[in-house]
Amino acid sequence: MDDPLFFDREHLYGDESGGYPDNAERFTEFSRVAIEFMKRIWLPDVVHCHDWQSALVPLLLRTQHASDPAVRSLPTIFTIHNLGYQGLFPGRHFGAAGAGSLFRTNALEFYGRVDFLKGGLISADYLTTVSRKYAKEIQTPEYGWVWME
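Residues numbered from 1 in each chain as written. Predicted model: local features only at pLDDT ≥ 70, side-chain atom pairs only at ≥ 80, totals over all residues. Heavy atoms only, no water.

1. Here we look at a nonpolar patch on the surface
Move 1: A cluster of nonpolar side chains, namely M1, F30 and V33, defines an oily patch on the protein surface of about 250 Å² accessible area.
Move 2: Topologically, F30 is positioned in helix α2 (residues 23-40). (Patch = residues over 30% accessible without salt bridge, like charges linked within 9 Å, V, L, I, M, F, W, Y side chains within 5 Å. Areas by Shrake-Rupley, 256 points an atom, 1.4 Å probe, with all protein chains shown as cover. Salt bridge = Lys/Arg side-chain N within 4 Å of Asp/Glu carboxyl O. Helix = DSSP H or I, 4+ residues; strand = E, 2+ residues; numbered from the N terminus.)

2. Topic: the nonpolar core
Move 1: V47, V57, F78 and F116 are the most contacted members of the largest nonpolar core, which has 28 residues in total.
Move 2: When sequence neighbours within four positions are dropped, the list of residues in contact with V47 reads M38, V57, L61, L74, P75, T76 and I77. (Core = buried A, V, L, I, M, F, W, Y, C linked by side-chain atoms within 4.5 Å. Buried < 20%, exposed > 50% of the residue type's maximum accessible area, 1.4 Å probe, protein only. Contact = heavy atoms within 4.5 Å.)

3. Brief notes about the sheet that holds strand β5 (residues 88-90)
Move 1: The three strands are arranged β5-β7-β6 in an open sheet whose pairing can be described as antiparallel. Because the sheet does not close on itself, it has two edges, and the strands there are β5 and β6 (109-110).
Move 2: In this sheet, strand β7 (residues 113-115) lies alongside β5 in antiparallel orientation, the contact comprising three bridges. When the bridges of β7 are listed, L88 appears paired with D115.
Move 3: Against the sheet, helix α4 (residues 116-123) makes contact with β5, β6 and β7, and its axis sits at roughly 50° relative to β7, the strand it touches most. (Pairing = 2+ DSSP bridges. Axes fitted to C-alpha atoms, helices over the stretch in contact; angles between N-to-C directions.)

4. Some points on the packing of aromatic side chains
Move 1: This structure, assessed with the given rule, holds 10 aromatic pairs.
Move 2: Centre to centre, the rings of F7 and F27 are 6.2 Å apart; their planes meet at 85°, and the pair counts as edge-to-face. You can see F7 sitting in helix α1 (residues 4-7) and its partner F27 sitting in helix α2, a full 20 residues away along the chain.
Move 3: By relative accessible area, which is 24% here, F7 ends up partly exposed.
Move 4: Their ring planes at 65° and their centres at 5.2 Å tell us that F89 and F116 sit as a pair that is edge-to-face. Of this pair, F89 sits in strand β5 while F116 sits in helix α4; the two residues are 27 residues apart in sequence, bridging distant segments of the chain.
Move 5: Three or more aromatic residues link up through ring pairs in this structure, and these residues are F6, F7, Y13, F27, F30, W52, F89 and F116.
Move 6: Stacked on the ring of Y20, the Lys or Arg R9 has its end atom at 4.6 Å from the ring centre. (Phe/Tyr/Trp six-rings, centres within 6.5 Å; stacked < 30°, edge-to-face > 60°. Lys NZ or Arg CZ within 6 Å of the ring centre and 35° of its normal.)

5. With respect to unusual backbone geometry
Move 1: Its identity as a non-glycine residue notwithstanding, D51 has a phi of 60°, on the positive side.
Move 2: Along the polypeptide, D51 turns up in the loop between β3 (47-50) and α3 (56-62).
Move 3: Judged by relative accessible area, D51 falls into the buried class, the value being 13%.
Move 4: For Y111, which is not glycine, the phi dihedral falls at a positive 55°.

6. Description of the pattern of salt bridges
Move 1: As enumerated under the stated definition, the model contains six salt bridges in all.
Move 2: Residue E36 is joined to K39 by a salt bridge in which the shortest nitrogen-to-oxygen separation is 3.4 Å. A residue pair is termed a helical-turn pair when its members lie 3 or 4 positions apart in one helix, as E36 and K39 do in helix α2 at three residues.
Move 3: Exposure remark for E36: the relative accessible area of 24% places this residue in the partly exposed category.
Move 4: With a shortest N-O distance of 2.8 Å, K39 and D68 are connected by a salt bridge. Of the two residues, K39 sits in helix α2 while D68 sits in the loop between α3 and β4 (76-80), which places them 29 residues apart along the sequence.
Move 5: Residue class for K39 comes out partly exposed when judged on its relative accessible area of 30%.
Move 6: Exposure remark for D68: the relative accessible area of 16% places this residue in the buried category.
Move 7: Sharing partners across several salt bridges, the network here consists of E36, K39, R40 and D68.

Now the structure itself:
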């Protein structure tokens, strides 16, 4: 994907001061381009997404692309690597990401914020983790935490 404004940066997610303020827009665009790539260039047998950065792909496939015969029945797998990083963003900025219609409780809204990870969790056909041990760990209060400020 060639978008220097969003992706020609020294670091992928942020710098020493924290995450880039436009990460919601950047990774929404990334997800949309991934779907268009599948439709136009290479249609996979299964879509396997990892962590919040690609979590919108299963959600977009099941919502905004639900009537598209090219991709509507693609099975999706979502793998959690680190539940501590959910891709949380202020809700007031999400309309700029071009997916404002998904800011609702049965999609991305989470206590007034946008939660990309939630989108993958609720919309993927299959969920996996990096290990059986991690799958058990994130079901405990210590590791299965919810971000609340």
